[in-house]
Amino acid sequence: MDILNALVAVLNYVVIPASSYGAQLALGALGVTLIYGILRFSNFAHGDTMAFGTAFTILFTWAFQAMGLSLGPLPTALIALPFGIAVTAGLVLLTDRMVYSYYRRVRAAPVILVMVSVGVMFVMNGLTRFIIGVDEIQFADGARFVISAREFRAATGLAEPLSLRSSQVITLVAAALVVWALFWFLNRTRTGKSMRAFSDNEDLALLSGINPNRVVAVTWVIAAALATTAGVLYGLDKSFKAFNYFQLLLPIFASAIVGGLGNPLGAIAGGFIIAFSEVGVTYAWKKVLGYLAPAGLEPEGLMQLLSTEYKFAVSFAILIIVLLFKPTGLFKGKAV
Amino acid sequence: MSFLLAENMTGGYGATDILHDCTLRVEKGQIAVIVGPNGAGKSTAMKAVFGMLNLREGHVVLGGEDITRLSPQDRVAKGMGFVPQVNNVFPTMSVQENLEMGAFLRDDDFSDTMEQVFDLFPILKDKRHQNAGELSGGQRQQVAVGRALMTQPRLLMLDEPTAGVSPIVMDELFDRIIEVARTGISILMVEQNARQALEIADMGYVLVQGANKYTDTGAALLADPEVRRTFLGG
């Protein structure tokens, strides 16, 4: 019974939250890694692209709620998501036309493009706050739990509760679908293959007649879709706050770099590595060890390695370790 | 009139000229080879033919059509295929995907062209699902040539195709290049291995300091004592 209780506690407080957080990071990191692979710079505006996309998805959600549209147990935000993606794609394409295309034409060094993206980040951040405000917004509706703590306890008779929120299930299912669609697109379609070719060897891609403008535009649209989806899933799981997405930038970049920048498979693995480390290191293991340790040896402290306020230190530490010892990442991406 | 006629090419990358009044011709289905000492402008001459640098003077005519003002991409559409010396494959894509990318401009069914490439380089058929970056140097060159052949070019340009491969692989590559030429494709090639290259060349161009120094058939250049003494090491 104790082992079961310990298992449920780990599932409830570590595995489930870390999995959904990992999926959100993976989607964010996929966007970053795609931009890096094809446009060859680290896009610091990605976090605020997520915020912008989420903000517009929330606006559409409110509109649909006012119209009485509903998906029943699923959140209305899922109907609003494609519209949010469309607006975000429009914004990033406009940004590319107005800002980035100039720096591509003059063949600016990557570090200049990074600085440019920091500027874009501030503008997008301001735009988001201007449009939707700085308050915390809960926009999840529909069924809240797939398994609620009380039902679980009543059904199993275990001391430990297990709750599975619908937002967590939706996150994992949506992330799996998006990743499948992305890999299918990159590996099976002509446009997807031309994007990989462009990422592999730009000069040879040009010689083969691949149109660089088209590759760049498609990349931005996909990045916008990934960013908005990741942002909305994160917002459904927790809540929306314009500033939060800026803070997500560090774990997202850490995920992309741990996996190997430019490598989509690495971005996914990196997302889960970062999420599980962050949750694992900041979780107080006292309860679990209490179940498992022999009588009399139960730990007295919280058995928490880092307090939750320091969770960003985890991504930062992993980032530094990877850059020091394996700068190309676990899945052999490009060196930073 | 020659199939490719690049006449009086003068120009360079920046303010200074690298090519001085350089002329290259390739007849249909024949192999022309550019040789010369290091820094003679061999690769530059080929890049000029392909439109990768601006010519101040001279013009490039392909199959009777003046293409001097076209971009490299447009020249590919006109029937030029170019194999760069380095970075000439997509390393993280499979051999088959590399060939597909070569055919990117084609809207028709290119599976028969791919079969022809596989007939020419049977090893590529065995390794079609392997990433090009994992192949040996010689196999990678075959992928690079195969990629360029996928557009069904009328003129194939090779920039030092045998750089960094073993002598045995070099002989085999040259055999394949002869086979390609037999199908009616004209070939313009820059080579470091001057003697071997001139042996298979219908026409040879010896460039020195960006200008034509000797121009003759491959056999005649090999027999010329002056050329032998100065460029072929006796």
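Owing to the predicted nature of the structure, the values given are computational and were not obtained by experimental measurement. (Residues numbered from 1 in each chain as written. Chains lettered and ligands numbered in written order. Predicted model: local features only at pLDDT ≥ 70, side-chain atom pairs only at ≥ 80, totals over all residues. Heavy atoms only, no water.)

Observations concerning the overall build of chain B
Inference 1: A tally of helices and strands in chain B yields 10 helices and 10 strands.
Inference 2: Whereas a compact globule of 234 residues would reach a radius of gyration of roughly 17 Å, chain B reaches 17 Å, a difference of no more than 12%.
Inference 3: Here the C-alpha coordinates of chain B stretch approximately 45 × 40 × 30 Å along the principal axes.
Inference 4: A burial count over chain B gives 53% of its 234 residues as buried.
Inference 5: By sequence separation, contacts in chain B at least 24 residues apart represent 65% of the contacts at least 6 residues apart. (Helix = DSSP H or I, 4+ residues; strand = E, 2+ residues; numbered from the N terminus. Rg over C-alpha atoms; globule rule 2.2 N^0.38 Å. Buried < 20%, exposed > 50% of the residue type's maximum accessible area, 1.4 Å probe, protein only. Contact = heavy atoms within 4.5 Å.)

Details of helix 7 (residues 167-182) of chain B
Residue and element names in this part refer to chain B.
Inference 1: Taking 1.5 Å per residue as the helical rise, helix 7 with its 16 residues ought to reach 22 Å, and the 23 Å between its terminal C-alpha atoms agrees with that figure.
Inference 2: Buried residues of helix 7: Met170, Leu173, Phe174, Arg176, Ile177, Val180 and Ala181, and no others. Buried residues along helix 7 cover an arc of 160° about the axis, so they all sit on one side. More than 90 degrees from the buried face of helix 7, the exposed residues found are Ile168 and Arg182.
Inference 3: Elements that come into contact with the buried residues of helix 7 comprise strand 3 (31-35), helix 4 (111-120), helix 6 (137-149), strand 7 (155-159), strand 8 (186-190) and helix 8 (194-200).
Inference 4: Of the residues one or two after helix 7, Gly184 is the one with positive phi, at around 100°. (Expected span 1.5 Å × (residues − 1). Arc of directions from axis to C-beta.)

Digging into the packing of aromatic side chains
Each aromatic ring pair is summarised here by two numbers: the centre-to-centre distance and the angle between the ring planes.
Residue and element names in this part refer to chain B.
Inference 1: The tally for this structure, following the rule as stated, stands at 14 aromatic pairs over all chains.
Inference 2: Ring plane angle 20° and centroid distance 4.8 Å describe the contact between Phe50 and Phe82, whose orientation is recorded as stacked. In this pair, Phe50 is assigned in helix 1 (residues 42-50) and Phe82 in strand 6 (residues 80-83), connecting sequence segments 32 residues apart. In this pair, the class of Phe50 matches that of Phe82, namely buried. (Phe/Tyr/Trp six-rings, centres within 6.5 Å; stacked < 30°, edge-to-face > 60°.)

So, the interface of chain B and chain A
It is common to give the size of an interface as the accessible area lost on bringing the parts into contact.
Inference 1: The partner chain A presents 15 residues to the 20 residues of chain B that form the contact.
Inference 2: Carbon and sulfur atoms make up 57% of the surface buried where chain B meets chain A, a total of about 1,600 Å² over both sides.
Inference 3: Considering only the surface of chain B that becomes buried against chain A, Phe90(B), Met101(B) and Phe104(B) emerge as the three largest contributors, covering 37% of it.
Inference 4: Remark: the boundary between chain B and chain A carries two salt bridges.
Inference 5: The salt bridge partner of Lys193(A) is Glu100(B), with a shortest N-O separation of 2.5 Å.
Inference 6: Joining chain B to chain A, the criterion identifies seven residue pairs in polar contact (both at pLDDT 80 or more).
Inference 7: For the side of chain B that touches chain A, the secondary structure elements donating two or more residues are helix 2 (72-77) and helix 3 (95-102) of chain B.
Inference 8: Grouping the constituent residues of the side of chain B that touches chain A by class yields 12 nonpolar, four polar and four charged. (Buried area = accessible area lost by both parts, 1.4 Å probe. Salt bridge = Lys/Arg side-chain N within 4 Å of Asp/Glu carboxyl O. Polar contact = N/O pair within 3.5 Å; in protein donor to acceptor, adjacent residues only side chain to side chain. Nonpolar A, V, L, I, M, F, W, Y, C, P; charged D, E, K, R; others polar.)

What about the sheet that holds strand 3 of chain B?
In sheet architecture, strand pairing relies on hydrogen bonds along the backbone and comes in two forms, parallel and antiparallel.
Residues and elements named next belong to chain B.
Inference 1: Across the sheet, which stays open at both edges, the six strands sit in the order 6-7-8-3-9-10 with mixed pairing between neighbours. Strand pairing shows two members of the sheet lacking a second neighbour, strand 6 and strand 10 (211-216), which therefore form its edges. For this sheet, the mean inter-axis angle between neighbouring strands, taken without regard to orientation, is 15°.
Inference 2: In this structure, strand 7 lies alongside strand 8, joined through five bridges in parallel fashion. In the strand pairing of strand 8, Leu158 is matched with Met189. (Pairing = 2+ DSSP bridges. Axes fitted to C-alpha atoms, helices over the stretch in contact; angles between N-to-C directions.)

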